[in-house]
Amino acid sequence: MKRDLPRGDDAAAAARLAAIRAGDRGAVARAITAVENGHADAAALLAALEGDLGRAHVVGITGPPGAGKSTLIAALVGECTRRGRRVAVVAVDPSSPLSGGAVLGDRIRMSEVAAAEGVFVRSVASRGHAGGLASATRGIVDLMDAAGFDPVIVETVGAGQSEVAIAALADTSVVVTPPGLGDDVQAIKAGILEIADVLVVSKGDSPLASATVRDLKDMLRLRARRGAWTVPVVLTAATRGEGVAELLDVAARHAEACGRGRRLAGAVQPPGPHDAAARVATLARQDAFLRHCALELLDAGPGRATLAMTVGAEHLNFNGTCHGGAIFALADSAFGLASNSHGPVAAGIEAHVSYHAAARPGDRLVARAEEVSRNARLATYRIDVTRGDVRVASFGGTVYIAARRHAPREAATPAAGARVPGPSS
Ligand SMILES: Nc1nc2c(ncn2[C@@H]2O[C@H](COP(=O)(O)OP(=O)(O)O)[C@@H](O)[C@H]2O)c(=O)[nH]1
Ligand SMILES: [Mg+2]
């Protein structure tokens, strides 16, 4: 009798898997509950579905409370169903009791679209998840992916570290900004904006909306482009259905350019010293400014990079000495490479420099960048610029570490053996 039990269990498990793969709502809902409760079966279930993952386009929608995320998602869901797509939504509820009203509001708005055929909506309460929220959300996204929903939309409130981790599940991260943030834009730029693949200015019916679009576009212009993708700014008025189809199109274009299933590639082994050197060499090769300034990569490793520059006629100021801007560029480039040696994208948010000695034509300047401190989100670097034994400048800088990693394509480009080729090789 006992020998029949495992067979019965196997058959039940197989039936459960088949039901999930077929998109059976009840089966998906029960599996999500098992994942949320950390049920023993859940891990085995998710493992069995591994081969079914990576088909869905996972779109993360984040932004401050009240930005209009839920309203926008409801409109996106409507647009998806009009296009014949089966769409799923995971709304990660903020645990703050202050936002209880908003959570209730979400449920009401969502329930209108959730009743539609081919739409699956699930709220995840962050209370009781104690740090496991990101992994529970990941499991839920996986289940929706395996069940054939595409896209899978994840709503999070952009604030703390766990929200950034949840946003990292997404193939396309959409950051929603309400109009009229003004100076606050500066404050959020270093953080949540860095994760954005697409920026949305919501409530486009507000008179302040077009000014906010302009502000964000100005800000983006100041920022380095990431790979082939240029972050667009989309104006939406979700309550009127405006900009919603455009947003869906833009998100689809991002998935075409940058791929799906990013969360599945996130579990790669931690990079070793050679990976860091190879990554820096690849980044240096791809850096047009480094090439333009004829900066030479001498050495790299985890958290460090050394660059050299020979002072030429084109580097001189009106005094006939090396322009401070050229020295800054050398130090800043070493800073940029060192801080991006670990894999996750690091964006400079602050830098300062002191000049100690002049440099003249023919001088060979070496900038050595070293990591001083690092946590999950921020890292600081010290860069010494020297000419032989003489210190020419000292440079200090801070980076914000984004949740994403450099595209695997870049990181995987093999460097020649253990040698670090210079930017021009
Ligand atoms: N005027 C206007 N109000 C909007 C628009 N979208 C959302 N809202 C309002 O903004 C408030 C917050 O919206 P909600 O979607 O709950 O924001 P969330 O907290 O980011 O999910 C609600 O009162 C919405 O009615 C819009 O396009 N125009
Ligand atoms: Mg909401």
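Not measured: the values here are computed from a predicted model.

Chemist: For the packing of helix H4 (residues 69–82) against helix H10 (residues 244–258), give the residues involved together with the corresponding values.
Modeler: At a closest axis distance of 9 Å, the pairing of H4 and H10 adopts a crossing angle of 75°. Taken together, H4 and H10 sit at an angle that is classed as roughly perpendicular. Residues Leu72, Ala75, Leu76, Glu79 and Cys80 of H4 lie in contact with H10, whose contacting residues are Val244, Ala245, Leu247 and Leu248. Residue classes in the contact of H4 with H10 are distributed as eight nonpolar, no polar and one charged.

Chemist: Residues and numbers for the pattern of salt bridges, please.
Modeler: Enumeration according to the criterion identifies 19 salt bridges in this entry. Between Arg82 and Glu79 there is a salt bridge, with the nearest N and O atoms lying 3.2 Å from each other. Here Arg82 and its partner Glu79 are both found in helix H4, three residues apart, which amounts to about one turn of the helix. Take Glu79: its relative accessible area is 13%, and that puts it in the buried class. Ionic contacts of the salt-bridge type, sharing partners, join the residues Glu79, Arg82, Arg83 and Asp249 into one network.

Chemist: If you had to explain the confidence of the model for the chain to someone new, which residues and values would you point to?
Modeler: Overall, the prediction assigns the chain a mean pLDDT of 82, with 76% of residues at 70 or greater. Confidence drops under a pLDDT of 50 for residues 1–6, and excluding neighbours within four residues, the segment shows zero contacts in the predicted structure. Contacts for the low-pLDDT stretch residues 267–271, under 50 throughout, to residues beyond four places or in other chains number three contacts.

Chemist: Give me the pairing of strand E8 (residues 296–301): which residues, what numbers.
Modeler: Where a strand is regular, its side chains alternate between the two sheet faces. Summarising the sheet, E8 and strand E9 (residues 304–310) pair through five bridges and their orientation is antiparallel. Paired with Glu296 across the bridge in E9 is Ala308. Connecting E8 to the antiparallel partner E9 that follows it, the hairpin turn spans two residues, and Gly303 within it adopts a positive phi of roughly 75°.

Chemist: Just give me the short version of helix H2 (residues 25–36), but keep the residues and values in it.
Modeler: Helix length check: H2, at twelve residues, gives a terminal C-alpha distance of 16 Å against a target of 16 Å (1.5 Å per residue), a fit within 8%. Those residues of H2 that fall on the buried side of the exposure criterion are Ala27, Val28, Ala31, Ile32, Ala34 and Val35. Taken around the axis of H2, the buried residues stretch over an arc of 160°, which confines them to a single face. Between a side-chain oxygen at the N-terminus of H2 and the backbone nitrogen of Gly26 the separation is 3.0 Å; the capping residue is Asp24. A positive phi of about 65° marks Gly38, the residue just after H2.

Analysis parameters
- Here the residue numbering is sequential within each chain, running from 1 through the sequence in written order.
- Just so you know, chain letters begin at A and ligand numbers begin at 1, following the order they were written in.
- For this predicted model, a pLDDT threshold of at least 70 governs which residues receive local features, and a threshold of 80 or more governs which side-chain atom pairs are given and counted, while totals over whole chains, interfaces and linings are taken from all residues.
- Only hydrogens and water are set aside when side-chain values are computed; all heavy atoms of the structure are taken into account.
- Axis geometry follows a simple rule: fit a line to the C-alpha atoms, using only the stretch in contact for helices, then measure angles between N-to-C directions, giving values from 0 to 180 degrees.
- Under the scheme used here, helices are H or I runs from DSSP no shorter than 4 residues and strands are E runs no shorter than 2 residues, and both carry numbers assigned from the N terminus.
- For this classification, under 35 degrees means roughly parallel, over 145 means roughly antiparallel, 65 to 115 means roughly perpendicular, and everything else is oblique.
- The contact rule is simple, with two residues in contact once any of their heavy atoms fall within 4.5 Å.
- Amino acid classes used here: Ala, Val, Leu, Ile, Met, Phe, Trp, Tyr, Cys and Pro are nonpolar; Asp, Glu, Lys and Arg are charged; the rest, including Gly, are polar.
- Criterion for a salt bridge: a side-chain nitrogen of Lys or Arg within 4 Å of a carboxyl oxygen of Asp or Glu.
- Partly exposed residues are those whose accessible area sits between 20% and 50% of the maximum for their type, while under 20% is buried and over 50% is exposed, using a 1.4 Å probe and protein chains only.
- A score from 0 to 100, pLDDT tells how confident the predictor is in each residue.
- When DSSP finds at least two bridges between two strands, those strands are taken to pair.
- Helices are assigned an expected span. That span is 1.5 Å times one less than the residue count.
- The arc in question is the one traced by the directions running from the helix axis out to the C-beta atoms.
- Nitrogen and oxygen atoms within 3.5 Å of one another constitute a polar contact, given that in protein one can donate a hydrogen and the other can accept it, and given that sequence-neighbouring residues count only through two side-chain atoms.

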